[in-house]
Amino acid sequence: MALRFFGAAATVAVAVGMTASPALAVTEIQWWHAMTGPNNDVVVKLANDFNASQSDYKIVPTFKGSYADTLNAGIAAFRAGNAPGIMQVFEVGTATMMAAKGAIKPVSDLMKEQGEKFDPQSYLPAITGYYSTAKGEMLSFPFNSSSMVMWANLDALKKAGIDAPPKTWPEVFADAKKLHATSPTCGFSSSWITWGLIEQFSAWHNIPIGTKANGLDGFDTVLDFNNPLETKLLENLVELQKDKSYDYSGRTNTGEGRFTSGECALYMTSSAFYPNVKANAKFNYTAVPMPYFPDAKDAPQNSIIGGASLWVMGGKSSEEYKGIAKFFTFLSDTDRQVYLHEVSGYLPITKAAYDKTKASGFYEKNPILEVPLKELTNKPPTENSRGLRFGGMVQMRDVWSEEIEAALAGKKSAKDALDAAVSRGNQMLRQFERTATK
């Protein structure tokens, strides 16, 4: 397990990136990330712009593969004593990073020590809550955030006699059957199966995934998402899978091309899919909020974030920390946040950037980009919708996916699959808890 390797290394002294250096020497700061394509270009531009803005520090961005690859590379580098100064870690890696005592430096501490202005309350509440301790101390620097939306092929809907994209789950089920008549291999599908059908679904309906505020308030959290509402969702999808009115597209986002190709007219995935849709869809499309069950008391509540944040690694020199703090201040600039939002499709993570983008009239021309923001800010976050923090989440998502796949394949009932997902997940959480609290 990744955490054990990370935690075991927490007492190892990390070699600082730079030792005493001649006057006027530039302090290099390594930034490991997982951004690809156009968003890799954005990362490079940010580094270049910061480097050009001053002469004391040089940010050196390096692509390290997928989010999981980047996390694993960071763990290995920490053990070897050559971790980067900054590491991009996806949101579900938060518990693993938190538990790696000595391996990280909380961003709140860094900014305070370096005298840089930093206000956690300037971020959208759903973002602040996800990356903060129970005491409100921010652990990492929010960078690229997204949420989940429903993408709709408007031309295909019209052909099937559907006037507008669905708002509720019963409408999704009914529309999927109508769409199946015109597209026999897929009416509706989705990516990131556990993020969408367990994590986002629970937050959107204000029901818990686990105790202790979904793990945000303690590693002794216990999963309990095998509830009637979750069971109802999976039972319906199992039924629709039989004739491919709903058709499973895998655990990650490898199936997203099924939407842009026109095969699946309704497709639930990340809002960060926007640049891809814009570039490749040859039909009229839109994105709408995630569906909800209208008989659920508090639905819709608010969505939770996806994406990643920037973690500061422990054991670095004071000069590196000074440079990292200045880089984070640079990234926090409102105009820069607005730019990042408009070119990348990721969310403006501060209230000021959201307000400025809104005031400019940008969303009137690009309404799709405001959909995930409206979801995140739909209602003030509750204990069930602040986010989640489960240890070993990468591995646990695979376990949950296995059980969902068994139900969709007809090998288990929806209830049995969810019971097994919870039981197996709780075993993993107890193992994580023992390791994290040693």
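These remarks concern the structure in this document. All values reported here derive from a predicted model rather than from experimental measurement. (Residues numbered from 1 in each chain as written. Predicted model: local features only at pLDDT ≥ 70, side-chain atom pairs only at ≥ 80, totals over all residues. Heavy atoms only, no water.)

One pass over the full model with this rule turns up 24 salt bridges. A salt bridge links Lys45 to Asp49; its shortest N-O distance comes to 3.0 Å. Here the residue Lys45 and the residue Asp49 both occupy positions in helix α2 (residues 37-53), the gap between them amounting to 4 residues, near one helical turn. Its relative accessible area of 35% is what places Lys45 among the partly exposed residues. Relative accessible area serves as the criterion here: at 30%, Asp49 is assigned to the partly exposed category. With its nearest N and O atoms 2.8 Å apart, the salt bridge here joins Arg424 to Glu403. Here Arg424 is found in helix α20 (residues 414-436), whereas its partner Glu403 is found in helix α19 (residues 393-408), with 21 residues between them in sequence. Within the structure, one salt-bridge network assembled from shared partners comprises Lys244, Asp247, Arg258 and Glu263. (Salt bridge = Lys/Arg side-chain N within 4 Å of Asp/Glu carboxyl O. Helix = DSSP H or I, 4+ residues; strand = E, 2+ residues; numbered from the N terminus. Buried < 20%, exposed > 50% of the residue type's maximum accessible area, 1.4 Å probe, protein only.)

Attention now moves to the pairing of strand β6 (residues 148-153). Within β6, 6 of the 6 residues are buried, which leaves the element mostly enclosed by the surrounding structure. Neither face of β6 is open: one carries Met148, Met150 and Ala152, the other Val149, Trp151 and Asn153, and all of them are buried. For β6 and strand β8 (residues 266-270), the ladder comprises 5 bridges, and the chain directions are antiparallel. By the bridge assignment for β8, Val149 is matched with Thr269. (Pairing = 2+ DSSP bridges.)

It is worth spelling out the state of the cysteines at this point. For the structure shown, the criterion picks out 1 disulfide. The disulfide partner of Cys186 is Cys264, and the gap between their sulfur atoms is 2.1 Å. Across the S-S bond of Cys186 and Cys264 the torsion is about 120 degrees, and the bridge reads as right-handed. Remark: Cys264 occurs in the loop between α12 (257-260) and β8 and Cys186 occurs in the loop between α8 (169-182) and β7 (188-190); sequence separation between them is 78 residues. Of the residues examined, Cys264 reaches a relative accessible area of 0% and is grouped as buried. (Disulfide = S-S within 2.5 Å.)

Moving on to the nonpolar core. What tends to happen in soluble globular proteins is that the nonpolar side chains get buried as a cluster. By size, the foremost hydrophobic cluster in this structure holds 131 residues, and its most contacted members are Trp169, Phe188, Phe328 and Trp400. Here this core spans two domains, since at least three of its residues come from each of domain 1 (24-145 + 305-368) and domain 2 (148-302 + 391-436). In contact with Phe328, not counting residues within four places along its chain, are Ile86, Val107, Leu110, Met111, Phe141, Leu310 and Val312. Ala95, Phe219, Phe432 and Ala436 belong to the second largest nonpolar core, which has 5 residues in total. (Core = buried A, V, L, I, M, F, W, Y, C linked by side-chain atoms within 4.5 Å. Domains from an automatic or database assignment. Contact = heavy atoms within 4.5 Å.)

All right, on to the packing of helix α9 (residues 193-204) against α19 then. Running from N to C, α9 and α19 cross one another at 85 degrees; their axes reach a closest spacing of 10 Å. In terms of orientation, α9 and α19 fall into the roughly perpendicular class. Between α9 and α19, the residues in contact are Ile193, Thr194, Trp195, Ile198 and Glu199 and Met393, Arg397, Trp400, Ser401 and Ile404, respectively. Here the contact of α9 with α19 is composed, by residue class, of 6 nonpolar, 2 polar and 2 charged. (Axes fitted to C-alpha atoms, helices over the stretch in contact; angles between N-to-C directions. Parallel < 35°, antiparallel > 145°, perpendicular 65-115°, else oblique. Nonpolar A, V, L, I, M, F, W, Y, C, P; charged D, E, K, R; others polar.)

Let's shift gears to the packing of α2 against helix α14 (residues 318-332). Two numbers describe how α2 lies on α14: the axes approach to 11 Å, and their chain directions differ by 110 degrees. Here α14 runs roughly perpendicular to α2, going by the angle between their axes. Crossing handedness for the pair α2 and α14: right-handed. On α14, the residues that touch Leu46, Asp49, Phe50 and Ser53 of α2 are Gly323, Lys326, Phe327, Phe330 and Leu331. Here the contact of α2 with α14 is composed, by residue class, of 5 nonpolar, 2 polar and 2 charged. (Left-handed = near helix turned anticlockwise from the far one by under 90°.)

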